[in-house]
Amino acid sequence: MPETTTGTAKVTLPADDQILITRDFAAPRRNVYRAWTTPDLVKRWWAGKRGTVTSVNIDLRVGGQWRYVMIANGSYEVAFHGEYREITPEERLVHTEVYETPGASDDDAPLVTVTFTESGDRTTVTMLIQTNGKELRDLIIESGMEVGMQESMDALEEIAASLT
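Residues numbered from 1 in each chain as written. Predicted model: local features only at pLDDT ≥ 70, side-chain atom pairs only at ≥ 80, totals over all residues. Heavy atoms only, no water.

> A description of the overall build of the protein should follow, citing residues and the corresponding values.
When its secondary structure is counted, the protein shows four helices and nine strands. Ordering the α and β elements of the protein from the N terminus gives β-β-α-α-β-β-β-β-β-β-β-α-α. Taking 15 Å as the expected radius of gyration for a compact globule of 164 residues, we find that the protein reaches 15 Å, a close match to that expectation. The buried share among the 164 residues of the protein stands at 43%. (Helix = DSSP H or I, 4+ residues; strand = E, 2+ residues; numbered from the N terminus. Rg over C-alpha atoms; globule rule 2.2 N^0.38 Å. Buried < 20%, exposed > 50% of the residue type's maximum accessible area, 1.4 Å probe, protein only.)

Quick look at the structure:
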C-alpha cells in the first residue's frame, strides 16, 4: 500500500473570493471518487472526528441534490446541502454548497469544483470554492473548517485505500 498522507491538505487563497484545497490520496482515483459519491461510504468519513453522520443523500446527476447531516460532538446538528451542476464521473464534480444556518440562502451558495487526478496509484483532489466575495470566504476560513476538513480527508483516504 502506498504511503498515506495524513493531515496534508493544503489550503490557499488564490483570490479574494476563492479557497483552494489540494490533497494527495494514497488510493486510485476510482476509489477516491467512489468514497466521495457513495452515501454509505460518505457516512464513514465526512464527520472526521467531529461527530456522527446521521444522514447522507446523494442524487448524483446534473440538477440532483445532495445533503449531509451530522450530530456534532457538542450534541448539535450540522447540515450542508447543494445541487450538482456538472458531473464527469471519476474526474470532476461541480456543485453548490450551503451550510444550513438561519438566514442561509441557496442564492449565495459557494460553487465548489472538485477534480480527481490520478498519477500511478495515487490521486490528487483539488477543490476550488468560489464564494460571492471576500467576506464569505473569510467567514469560511475563520470558522475553523480546516481542522475538521483535515480529519475528514484522512478518514476518506483510509476508506478509499481499503476499497477493492
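From this point, things continue past the structure.
> Quick one: what's the story with the nonpolar core, residue by residue and with numbers?
Residues Trp 36 and Trp 45 are the most contacted members of the largest nonpolar core, which totals 38 residues. No other element matches helix H4 (residues 145–162), which puts seven residues into this core. Trp 36 has contacts with Val 42, Trp 45, Ile 58, Tyr 68, Leu 93, Val 114, Phe 116, Val 125, Met 127, Met 153 and Leu 156, leaving out every residue within four places of it along the chain. (Core = buried A, V, L, I, M, F, W, Y, C linked by side-chain atoms within 4.5 Å. Contact = heavy atoms within 4.5 Å.)

> Tell me about the layout of surface pockets, and please be specific about residues and values.
Space inside the largest pocket adds up to approximately 1,400 Å³. Considering the residues around the largest pocket, the lining is formed by 45 residues, among which Phe 80, Glu 97, Tyr 99, Ser 143 and Met 145 are closest to the centre. Taken together, the elements giving at least two residues each to the lining of the largest pocket come down to strand E4 (65–72), strand E5 (77–88), strand E6 (92–96), strand E7 (98–99), strand E8 (111–119), strand E9 (122–130), helix H3 (134–142) and H4. Counted by class, the lining of the largest pocket contains 30 nonpolar, 11 polar and four charged residues. (1 Å grid on protein atoms, 1.4 Å probe; cavity = no way out; pocket = protein on both sides within 12 Å on 5 of 7 lines; lining within 4 Å. Points joined across faces, edges and corners; volume = space filled by probe spheres on them. Nonpolar A, V, L, I, M, F, W, Y, C, P; charged D, E, K, R; others polar.)

> Hey, could you go over the pattern of salt bridges for me, with residue numbers and the actual values?
A side chain of one charge can pair with a side chain of the opposite charge if their charged atoms are brought near each other. Under the counting rule described, the total for this entry stands at 10 salt bridges. Close ionic contact of Glu 86 with Arg 92 constitutes a salt bridge, the shortest N to O distance being 2.5 Å. Look at Glu 86 and you get partly exposed, because its relative accessible area is 31%. For Arg 92, a relative accessible area of 30% corresponds to the partly exposed category. For Asp 138, the salt bridge goes to Arg 137, with nearest N and O atoms at 2.7 Å. Salt bridges here are not isolated pairs; linked through shared partners, they connect Arg 23, Asp 154 and Glu 157. (Salt bridge = Lys/Arg side-chain N within 4 Å of Asp/Glu carboxyl O.)

> Outline the pairing of E9, listing residues and values.
In the sheet, strand E2 (residues 18–25) pairs with E9 via eight bridges, with the strands oriented antiparallel. For Ile 21, the partnering residue across the bridge sits in E9 and is Met 127. Sheet topology places E8 next to E9; nine bridges connect them, and they run antiparallel. By the bridge assignment, Thr 117 is partnered in E9 with Thr 124. In this structure, the hairpin formed by E8 and E9 is closed by a connection of two residues, where Gly 120 is found at a positive phi of approximately 65 degrees. (Pairing = 2+ DSSP bridges.)

> Describe the environment of Gly 64, listing the residues and the values that go with them.
With respect to the element layout, Gly 64 can be found in the loop between strand E3 (51–58) and E4. The exposure class of Gly 64 is buried, given its relative accessible area of 0%. Each C-alpha atom, one on Gly 64 and one on Arg 50, is 27 Å from the other, the two residues being 14 residues apart in sequence. Leave out the neighbours within four places in its chain, and Gly 64 touches Asp 59, Gly 82, Glu 83 and Tyr 84.

> Quick one: what's the story with the packing of aromatic side chains, residue by residue and with numbers?
Applying the stated criterion across every chain yields a total of seven aromatic pairs. Measuring from ring centre to ring centre gives 5.5 Å for Trp 36 and Phe 116, while their planes differ by 90 degrees; the resulting arrangement is edge-to-face. Of this pair, Trp 36 sits in helix H1 (residues 29–37) while Phe 116 is found in strand E8, placing the two residues 80 residues apart along the sequence. Relative accessible area serves as the criterion here: at 8%, Trp 36 is assigned to the buried category. For the ring pair Phe 80 and Tyr 99, a centre distance of 4.9 Å and an interplane angle of 25 degrees mean the geometry is stacked. Of this pair, Phe 80 sits in strand E5 while Tyr 99 is found in strand E7, placing the two residues 19 residues apart along the sequence. The ring of Phe 25 carries the charged tip of Arg 23 above its face, separated from the ring centre by 4.7 Å. (Phe/Tyr/Trp six-rings, centres within 6.5 Å; stacked < 30°, edge-to-face > 60°. Lys NZ or Arg CZ within 6 Å of the ring centre and 35° of its normal.)

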